Amino acid sequence: MQELETYFNELVRQYSEPLYWHVRTMVGSHEDADDLLQDIFVKVWSALPRFRGDSDVFTWLWRIATNETLSHLRKARVRAALRFAHIDTEAEKVSDPDPYFDGNAALRSLRKAIAALPDKQRLVFSLRYYQELNYEQISEITGTSVGALKASYHIAFEKIKQFLTDND
C-alpha cells in the first residue's frame, strides 16, 4: 500500500500542472479546472490498483481527465439549458479572462473562438495546438481514429479562422 501511495504522490507532483492546463483549456475558469483536477485525482487514486500499464501513464491520465472534463461540460450544458441560458452566453463566460489573466485582445478573441467550438473539436484542437500531442497520442486518449482526429482538427482550425475573420 505504501508503494501505491508513493507512486500516486509522484503522479500528483509530476502531472498536476499539465493536467490543470489541459482541463483549463477546455473549461475556461480556474475554479472549475481546480475542482475538476481534484475529481480527476480521486478517480486516478481509485483506479490506480487496476492500472496494468497497457498504455502509457500519460495517456491514461489524460484519458481520465478528458472524460471527466467532457462529463463536466455536458452537465454544465444541461444546467444552462434548464436555466434557459443561451449557449453563447456560456461560451462567453468560459472565454472571458479571470482576474489572474492579463491577455491582449487577440488572445481573448482566440479564446472566444476556441470556446465556441463543440466540445470534441475544442478537445482535439487543444491537445494538438496547445499541448502539441501527435495524432497517435490523441487517438489513445480519445479512442478516436487518427483520420477522424485530423478531420476534426482541420474543421476546428477553419472555424476558428472564420470566427477571427468575422470578428476582426
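Higher on the page you've got the structure.
All figures in this text were calculated on a predicted structure; none of them were measured in a lab.

## A look at the environment of Lys112
Residue placement: Lys112 occurs in helix H5 (residues 105–115). Residues Lys112 and Gly28, spaced 84 residues apart in sequence, show a C-alpha to C-alpha distance of 9.8 Å.

## A look at the pattern of salt bridges
For the coordinates displayed, the defined rule picks out 4 salt bridges. Glu10 is paired through a salt bridge with Arg13; the nearest N and O atoms lie 2.4 Å apart. Within this pair, Glu10 and its partner Arg13 are both found in helix H1 (residues 2–27), separated by 3 residues, close to a single helical turn. A salt bridge links Lys43 to Glu68; its shortest N-O distance comes to 3.1 Å. Of this pair, Lys43 sits in helix H2 (residues 30–47) while Glu68 sits in helix H3 (residues 57–82), placing them 25 residues apart in sequence.

## Focus: the nonpolar core
The biggest cluster of nonpolar side chains holds 41 residues, and the ones touching the most others in it are Tyr15, Leu19, Val44, Trp60, Leu61 and Trp62. At the level of secondary structure, the elements contributing two or more residues to this core comprise H1, H2, H3, H5, helix H6 (119–130), helix H7 (135–142) and helix H8 (146–166). If one sorts the elements of this core by residue count, H3 sits on top with 9 residues. Tyr15 has contacts with Phe41, Val57, Phe58, Leu61 and Trp62, leaving out every residue within four places of it along the chain.

## Examining a positive patch on the surface
Where like charges cluster on the molecular surface, the positive patch consists of Arg63, Arg74, Lys75, Arg79 and Lys120. Note that Arg79 resides in helix H3.

Quick notes on the rules
- Residue numbers here run from 1 along each chain, matching the order of that chain's written sequence.
- Restriction of local features to residues with pLDDT of at least 70 applies here, the model being predicted, together with a cutoff of 80 or more for giving and counting side-chain atom pairs; totals for whole chains, interfaces and linings are based on all residues.
- Side-chain figures throughout are based on the complete set of non-hydrogen atoms in the structure, without hydrogens or water.
- Secondary structure elements are taken from DSSP: a helix is a run of H or I of four residues or more, a strand is a run of E of two residues or more, and numbering for both begins at the N terminus.
- The rule for a salt bridge is simple: a side-chain nitrogen of Lys or Arg has to be within 4 Å of a carboxyl oxygen of Asp or Glu.
- Joining through side-chain atoms within 4.5 Å is the link that ties buried Ala, Val, Leu, Ile, Met, Phe, Trp, Tyr and Cys residues into a set, and such a set is a nonpolar core.
- Here's how the labels work: a residue is buried when its accessible area is under 20% of the maximum for its type, exposed when over 50%, partly exposed in between, all with a 1.4 Å probe on protein chains only.
- Contact criterion: two residues are considered in contact whenever any of their non-hydrogen atoms come within 4.5 Å of each other.
- Patch membership needs two things, relative accessible area over 30% and no salt bridge, and members are linked within 9 Å if like-charged or within 5 Å if nonpolar (Val, Leu, Ile, Met, Phe, Trp, Tyr).
- Every accessible area reported is derived by Shrake-Rupley at a probe size of 1.4 Å, with residue values counting cover from the shown protein chains alone.
- Residues scored as positive are Lys and Arg, those scored as negative are Asp and Glu, and His as well as the terminal groups of each chain are ignored.
- Charge positions are represented by NZ for Lys, CZ for Arg, CG for Asp and CD for Glu.

Everything listed is a geometric property; what it means functionally is a separate question.
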